[in-house]
Amino acid sequence: MATYIVLLGPPGVGKGTQAEILAKQTGLAHISSGDLFRESIKNQTELGKLAQSYMHKGELVPDDVTIAMVKDRIFRPDCKLGAILDGFPRTPVQADAIRAMLNEVGEDINVVPFITAPDEILIERLSGRWTCRANGHIYHSVNNPPKKEGICDIDGSELYQRDDDKVETVKKRLRVYMEQTSPLIACYRDRGLLVEIKGDQAIFKVTEDLIAALKKS
Ligand code: AP5
Ligand code: MG
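Each chain has its residues counted from 1, following the order in which its sequence is written. To read the labels, note that chains go from A and ligands from 1, taken in the order they are written. It should be noted that, the model being predicted, local features are given only for residues of pLDDT at least 70 and side-chain atom pairs only at 80 or more, the latter also being counted only at that level, while totals for whole chains, interfaces and linings use all residues. Calculation of side-chain values draws on the structure's entire complement of heavy atoms; hydrogens and water are dropped beforehand.

Turning our attention to the overall build of the protein chain. What the protein chain contains, in helices and strands, is 9 helices and 8 strands. Here the globule rule reads 2.2 Å times residues to the power 0.38, and the radius of gyration is calculated from C-alpha atoms. Relative to a compact globule of 217 residues, whose C-alpha radius of gyration would be 17 Å, the protein chain shows 16 Å and is just as compact. Over its C-alpha atoms, taken along the principal directions, the protein chain stretches across nearly 45 × 40 × 35 Å. Here the protein chain holds 217 residues, and the buried ones make up 47% of them. For the protein chain, long-range pairs separated by at least 24 residues make up 72% of all intrachain contacts whose partners lie at least 6 apart in sequence. All tallies of charge rest on Lys and Arg as positive and Asp and Glu as negative; His and the ends of each chain are not included. One atom stands in for each charge, and that atom is NZ of Lys, CZ of Arg, CG of Asp or CD of Glu. Taking the average place of the 29 positive charges on the side chains of the protein chain and the average place of its 31 negative ones, the gap between the two points comes to 2 Å. The way it works is that DSSP assigns letters per residue, a run of H or I at least four long becomes a helix, a run of E at least two long becomes a strand, and they are numbered from the N terminus. Only protein chains enter the accessibility calculation, which uses a 1.4 Å probe. A residue is then buried if its area is under 20% of the maximum for its type, exposed if over 50%, and partly exposed in between. Note on definitions: a residue-residue contact is assigned when non-hydrogen atoms from the two residues lie within 4.5 Å.

Okay, structure coming up:
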C-alpha cells in the first residue's frame, strides 16, 4: 500500500514549505499543482498559456485540465511509495477525481492535514516570499531568508517574486479559497481524514505536528 497525503490550507499557509521537508523525510513524491503549472508556463506549452490566463488573476484553472495534469503525474515511478499532494484537490470535483483515480488502483487518501493561520499572517508571508526559478524552493525575506540574497541555497538559481503574490491578487486568491476550496474541509472531516494543524508556528514546529499526525494516521 502506498501513502497519499493531501495538504489542505489557504494560500501562503506553508503547504509548499512543509511538503518539501516531508518529501525529503518520508521518500514520498511532492506533487504541487501550482509548481506543475509554473513549469508549463516556463516551457511555454499550451497548458502553460491556458494556466497563466487564470493564475495571474488569482482564479483557479479549470478542473478538467488540472485533473488530467495530476493524473499524468501521480502514477510516475517516483510516486511508488505514494505522494504528498500540495494544492490539489482544490474543488469538490477535483476531490472526487483524485478519489476515483486512487480507488481504481486499490489506493485511497490516508490523511488530510489542514493547516490554518490568520489572513494577516498569510498576506505577510506571501508579500515576503521568494521562489527559486529552477526548482520552486521557497524562502521568505524575514522568516526564512536564503544565505545569499536573491540566490537559492540549494541549486544556486535566481529567486523571484511570484506574479500572483501582489496584495490584490492574494486577496482574490483568499476569496477563491473560501468559496471553492473550503467546502473540502467538511468533506474530509466527515470521512475521518482531517487533522487540524496550527500553521502560525515556526516552520520546524509545524513539521513536528505534521509528522505526529502522519504517525497516527
Ligand atoms: P499554488 O502554487 O498552489 O498557490 P497557493 O495554494 O495559493 O499556495 P501558495 O503556494 O501561495 O502557498 P503555500 O501554502 O504553498 O505557502 P509556502 O510554503 O510557499 O497555486 C497558484 C495558482 O495555480 C492558483 O491560484 C491557481 O490559479 C493555480 N492552481 C494551482 N493548483 C490548482 C488546482 N488544484 N486547481 C485549479 N487551479 C490551481 O509559504 C509561503 C511563505 O511563507 C514563504 O515565503 C515561506 O517561506 C513562508 N513560511 C512558510 N511557513 C512558514 C512558517 N511556519 N513561519 C513563517 N513563515 C513561513
Ligand atoms: Mg505553494
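Before going further, it helps to spend a moment on the pattern of salt bridges. Basic side-chain nitrogens of Lys or Arg form a salt bridge, by our definition, when they fall within 4 Å of a carboxyl oxygen of Asp or Glu. Per the stated rule, a full pass over the model turns up 17 salt bridges. A salt bridge links Glu-158 to Arg-133; its shortest N-O distance comes to 3.1 Å. Of this pair, Glu-158 sits in the loop between strand S6 (138-140) and strand S7 (159-160) while Arg-133 sits in the loop between strand S5 (129-132) and S6, and the two are 25 residues apart along the sequence. Looking at Glu-158, the relative accessible area reads 44%, which means it is partly exposed. Ionic pairing is found between Asp-164 and Arg-162, a salt bridge with its closest N-O pair at 3.0 Å. Residue classification places Asp-164 among the buried residues on the basis of a relative accessible area of 10%. The class for Arg-162 is buried, based on a relative accessible area of 13%. Among the ionic contacts, a cluster of salt bridges with common partners joins Arg-129, Arg-162, Asp-164, Asp-165 and Arg-173.

From the geometry alone we can't say anything about function, so treat these as descriptive.
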